[in-house]
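# Overview (structure and organization)
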Amino acid sequence: MNQVSLIPVKGVQMTRYIIRRLLQAIPLLLIVSLILFLLLYSIADPLTMMGGRNPTRPEDRARLARQLGLDKPIMMQYVYWLIGNDWEMIDVSGDGEPDTYGRRKGILRGDFGVSIVTRGKPALDIIWERVPNTLLLMIPAQIVILVFGLIVGIYSALRQYSWVDNSITTLSFVGFSMPIFLIALLSIYLFSVLFQRWGLPSLPPNGMFDPQVGKTTSQVLKHMILPIFAIAFIDVARYSRYIRSSMLEVMSQDYIRTAKAKGLRRVYIIAVHAMRNASLPIVTLIGLDLPFLLAGAVVTERIFAWPGMGRLFLDHLDRSDGAVVMGIVILLAIAVILSQILTDIAYALLDPRIRYD
Amino acid sequence: MATHKKLPLLLGIALLLILALVACGTDTAAPTTPTEVPVDAPPVDTPADTPAAPPVDAPRKVATFIWTQEFDSLNPMYTSMWFSSITQQIWNAAAWHFDVDNNPNPVLVTQIPDLENGGLSADGRSITLNLRDDIRWSDGTPITSADFLFTYEMTMSPNNIVNSTYPYSLIQSIEAPDARTVVTTFEEPFIPWMATMWTYILPEHVLRPVYEAEGTLDTAAWNLAPTVSAGPYVFAEWESGSFTRFVRNDNYYGTPAKIDEIFFRFVPDDAAQVASLRTGAGDLGTFISQADIPTLEGAGVEVFAVVSGYDEGWYMYFGEEAHPALADKNVRQAIALCFDRFALNRDLLLGLTEPAVTFWDNTPYANPNLEAWPYDPDRGRALLENAGWIDTTGNGIRDKDGVELILVHGTTTRAIRQDTQAVAQQQLGECGIRLETLSYSASIFFQSYGNGGPLPTGELDIAQWSATESFPDPDTPRWLCAEIPGDEYPDGNNDQKICDEELDSLFRRQATQIDFEERQQTFWRIGEIMLDNVYWLGIWQDLDTWAVSSRMENVNISGANPFYSIAEWDIRQ
């Protein structure tokens, strides 16, 4: 068979596969959105806390429920969230008679709704403000995790059962077992509080930059160190264990021994022959972690006051701001679906034996 | 060099690079020597001098306040959030404010309206404001009665989804005979007007065009970035999730502010706030927990408590679903006698506060002749015995007519409240009362009857939380018979479902009493009834605890208006 003609065939198969997956995602997203919407609006009451330090006054509660559409049955609220209410007359004046058309277009037309907390501000605007901050933190964190995970995992595999390997294994288990909030708080206490007390150069305990200095590159970089350290501490341990295990399996294969027998350099054997075959599990890990680039590290952002998506989610969930919370979870659901598709594509590229029919 | 020898070297180089990056521009100021400051006394003020013109090259005075909640909006109509509302005192203006002794002082008005100066009508329905003639917005536009009318109009507009229309919804008419006069008339005498009205104003010349163009102020950019201010500071910028900055209003009609810039940094929780204050990254913080006070004082931060009208208490339930024991005053008194609230305040709250006697402690409306129920478990047990609650089964729980004395106590998930539950459970157990404890998130705990809130629906026999109404005004609808929630009135305020005829009559009377002394006497009698019947059992006076760095001067904080004197605050250079 002509080898060249196989390539377009595989490309067509891949395209069909992607289209099929995307089409399957539509009902999946609808089901996810419905479940989350029902959960959110069944257990939370955004009106209760709108009174500030005191519960919302009864007369205000009734008015706000009407104005925000929260007096409608929950399924009707879901429909409005999905397709909007600009096709229906609503009661704005409060006299019981519908007098004007609604202003919402619904998420299917790109309207994520308006925040209850930051009244009047579109939920999508609020979310997009934080996306760059999250990516700024999570992408470098992921790179650090990958690089150090690879280094540590490969080194540990190549020095199996040495004192270095055993030390790394122990530290990995310790790191993997520690909750991230403990690491985050300890790092603040050590590098911010104690270092300053001892007169040593200290790291800032929270925030993205010092407002009095301004949002400069050095400021942001300095404020990134502790959160990235906290995020990476656990995941480097996780990645290194997977990589070590995968490398050990690959290094014992016949083709590796053949490559060694052929006199190829060790670095070449590891980088070309071993890594490629050991990378599939790593691709799985990365694929599973990709959505978290967008979701942010909720606990880490909270502790370090990093103004990212994770913290935004918690702040608005705390106040039952459905528009923002639903917007975030829908974006994350889309990110999960897309990352799974990307992972499948990566599989196919790395391993020519994999086909999608 | 072999690969295995390169790795430690590479890691070491990486570590050195990190340290070098940190060293660039890092503040390594040595920690200050801790000073002892009484926790319950405000800091010593230095007299407010007329500010001299600062030298041309004087360093800018910049203060950083640490807020554990980010603003939701800077338009006062769209927020009831405390952290946002009190910031209005920095850049917006009220008709008057309350000082550290909770006395009203005129700000935008020439004098506080009262019966003598004719600002308050004899029937208590009309309030006349006479505005100063030198007040202006930061862009130089005069502040006039038109701004007050506009504020009312926007608050009441059905096109604006405002947080609360109270108390403007009670106004019958509002007029501006001239640019310096505002006359407000209520349908009924509205006694708490001073504590609830004109706490902010909106700039008509800026926002009316927006309203006319958009049909609403909901989406106005001004809500998040006010372009004009009426206070000692003006808004400068808001970095979402990070900080908000205010700078001195050089066009301010009052005493120019001494501090050039104020940052509000948003941190996620109390631990981050404490860390910021300890390291000097913040100059002021609030709602400091008792456990953090010694740490902050050790770092040289001054900590003091301010009366803001809040008192933590137990609210007894009297609805149909209530435990039959609670209908007996003797049982309620026994609960008060069996619970050592004094030790609780001493041990859990470090002695920084004491049990509240009435709902109005630390105000002139608290009856000075009343004392908190003492800790006397023997007397409590005797009361229970006399009431017929005896442990007939020998299981340690009293019973009567086959019903065991098991009460359900609920509160929010705050740690101090859960600790209180644990202590109360043990102590009441020693009197033969079993306390079952539940805790809820705040958004569920405070839900109304209509939304299935645990107290108004009878899930709880006793609920614990801290509240005030319109401090420093004592008015509250909480114990009116007409406010009992039910299917026909699901949003009623009387969650405890108390209907005491004398109490109800007194609450209705105080709402019409213009004379301060008469009203005070009414509340003193209300306090007597509530204490004797243990309708509400005070647990502690819930003071607001503030932390201020030692470089701040002239800091006076009022419970009602914490930033009322912000223009006088200064920074020690």
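Residues take numbers from 1 onward in each chain, read along the sequence in its written order. Each chain gets a letter, beginning with A, and each ligand a number, beginning with 1, in the order they are written. In keeping with the model being predicted, local features are shown solely for residues with a pLDDT of at least 70 and side-chain atom pairs are shown and tallied solely at 80 or more, while totals for entire chains, interfaces and linings include all residues.

## Notes on the overall build of chain B
Our working definition: What counts as a helix is a DSSP run of H or I of at least four residues, what counts as a strand is a run of E of at least two, and both are numbered from the N terminus. Two things to know: the radius of gyration comes from C-alpha atoms, and the globule rule equals 2.2 Å times the number of residues to the power 0.38. With C-beta atoms placed from the backbone, the exposure class of a residue follows from how many other C-beta atoms lie within 10 Å of its own: 20 or more, buried; 12 or fewer, exposed; in between, partly exposed.
The helix and strand tally for chain B stands at 15 helices and 21 strands. Against the globule reference of 25 Å for 573 residues, chain B gives a C-alpha radius of gyration of 27 Å, in line with a compact fold. By residue count, 46% of the 573 residues in chain B fall in the buried class.

## Things to note about the packing of helix H9 (residues 266–295) of chain A against helix H12 (residues 322–350) of chain A
Residue and element names in this part refer to chain A. Selection criterion: Here an axis means a line fitted to C-alpha atoms, over the contact stretch when the element is a helix, while the angle between two N-to-C directions is reported on a 0 to 180 degree scale. For classification purposes, an angle smaller than 35 degrees is called roughly parallel, one larger than 145 roughly antiparallel, one from 65 to 115 roughly perpendicular, and anything else oblique. Crossing handedness is read from the near helix: turned anticlockwise from the far helix by less than a right angle, it gives a left-handed crossing, and turned clockwise, a right-handed one. Residue pairs qualify as contacts under a 7 Å threshold applied to their C-beta atoms, which are placed from the backbone. Polar here means any residue other than Ala, Val, Leu, Ile, Met, Phe, Trp, Tyr, Cys and Pro, which are nonpolar, and Asp, Glu, Lys and Arg, which are charged; Gly is therefore polar.
For the pair H9 and H12, interaxial distance at closest approach is 8 Å and the crossing angle is 165 degrees. Classified by the angle their axes make, H9 and H12 are roughly antiparallel. Classified by chirality, the crossing of H12 by H9 is right-handed. Two secondary-structure elements touch here, H9 through Arg-276, Ser-279, Leu-280, Val-283, Thr-284, Gly-287, Leu-290, Pro-291, Leu-294 and Ala-295 and H12 through Leu-331, Leu-332, Ala-335, Val-336, Ser-339, Gln-340, Leu-342, Thr-343, Ala-346, Tyr-347 and Leu-350. Considered class by class, the residues forming the contact of H9 with H12 number 14 nonpolar, six polar and one charged.

## A few points about the sheet that holds strand E5 (residues 171–178) of chain B
All names here are of chain B. Counted only if it meets this: Being paired, for any two strands, means DSSP has found at least two bridges between them.
Here three strands make up an open sheet; going across it, the order is E4-E6-E5 and the pairing antiparallel. Where the open sheet ends on each side, the last strands, each with one partner, are strand E4 (126–130) and E5. The average undirected angle you get between the axes of adjacent strands in this sheet is 15 degrees. Pairing geometry for E5 and strand E6 (residues 181–186), over five bridges, is antiparallel. Paired with Ser-173 across the bridge in E6 is Thr-185. In this fold helix H4 (residues 145–156) packs onto E5 and E6, with an angle of close to 160 degrees to the strand it touches most, E5.

## Here we look at the interface of chain B and chain A
With 59 residues of chain B at the contact, the number on the chain A side is 57 residues. The biggest single contributor to the side of chain B that touches chain A is helix H1 (residues 3–23) of chain B, with seven residues. Looking at the side of chain B that touches chain A, its residues break down into 27 nonpolar, 25 polar and seven charged.

## Some thoughts on helix H14 (residues 501–510) of chain B
Residues and elements named next belong to chain B. What counts here: Working note: the arc is built from the helix axis to C-beta atom directions.
Within H14, burial applies to Leu-506, Phe-507 and Gln-510. The buried residues of H14 occupy an angular sector of 100 degrees when the element is viewed end-on, so they sit on one face. For H14, the exposed residues lying more than 90 degrees away from the buried face are Glu-501 and Ser-505. Buried residues in H14 make contact with helix H15 (516–533).

## Describing the sheet that holds strand E16 (residues 434–440) of chain B
All names here are of chain B. If you trace the five strands from one edge of the open sheet to the other, you get E16-E15-E17-E12-E18, paired in mixed fashion. Lying at the two open borders of the sheet, with one neighbouring strand each, are E16 and strand E18 (536–541). The average angle at which neighbouring strand axes cross in this sheet is 25 degrees, direction not considered. Pairing of strand E15 (residues 406–412) with strand E17 (residues 462–467), which is carried by two bridges, proceeds in the parallel orientation. When the sheet's bridge partners are listed, Gly-410 is paired in E17 with Ala-463.

## What about the pairing of E16(B)?
All names here are of chain B. Formally: By the criterion used throughout, a crossover qualifies as right-handed when its path from the first strand across the helix to the second strand runs clockwise, the strands pointing away from the viewer.
Two elements, E15 and E16, share seven bridges in a ladder whose sense is parallel. Note that in E16 the partner of Val-408 across the bridge is Glu-436. Taken together, E15, helix H12 (residues 415–429) and E16 constitute a β-α-β crossover, and its handedness is right-handed.

## Here's the deal with the pairing of E6(B)
Consecutive residues of a regular strand have side chains that alternate between opposite faces of the sheet. Residues and elements named next belong to chain B. Here E6 shows a clear split, with Val-182, Thr-184 and Phe-186 buried on one side and none of Thr-181, Val-183 and Thr-185 buried on the other. Where E4 and E6 come together, five bridges link them in antiparallel fashion. When the bridges of E6 are listed, Thr-128 appears paired with Val-183. If you look at the hairpin formed by E5 and E6, you'll find two residues sitting between the two strands.

## Brief notes about the packing of H4(B) against helix H6 (residues 204–214) of chain B
For any two helices packed against each other, the geometry is given by the interaxial angle and the distance between the axes. All names here are of chain B. Relative to each other, H4 and H6 sit at 35 degrees, their axes nearing to 10 Å. For the crossing formed where H4 meets H6, the hand is left-handed. Residues Ala-146, Asp-147, Phe-150 and Met-154 of H4 form the contact with H6, whose participating residues are Glu-204, Arg-208 and Tyr-211. Grouping the amino acids of the contact of H4 with H6 by side-chain chemistry returns four nonpolar, no polar and three charged.

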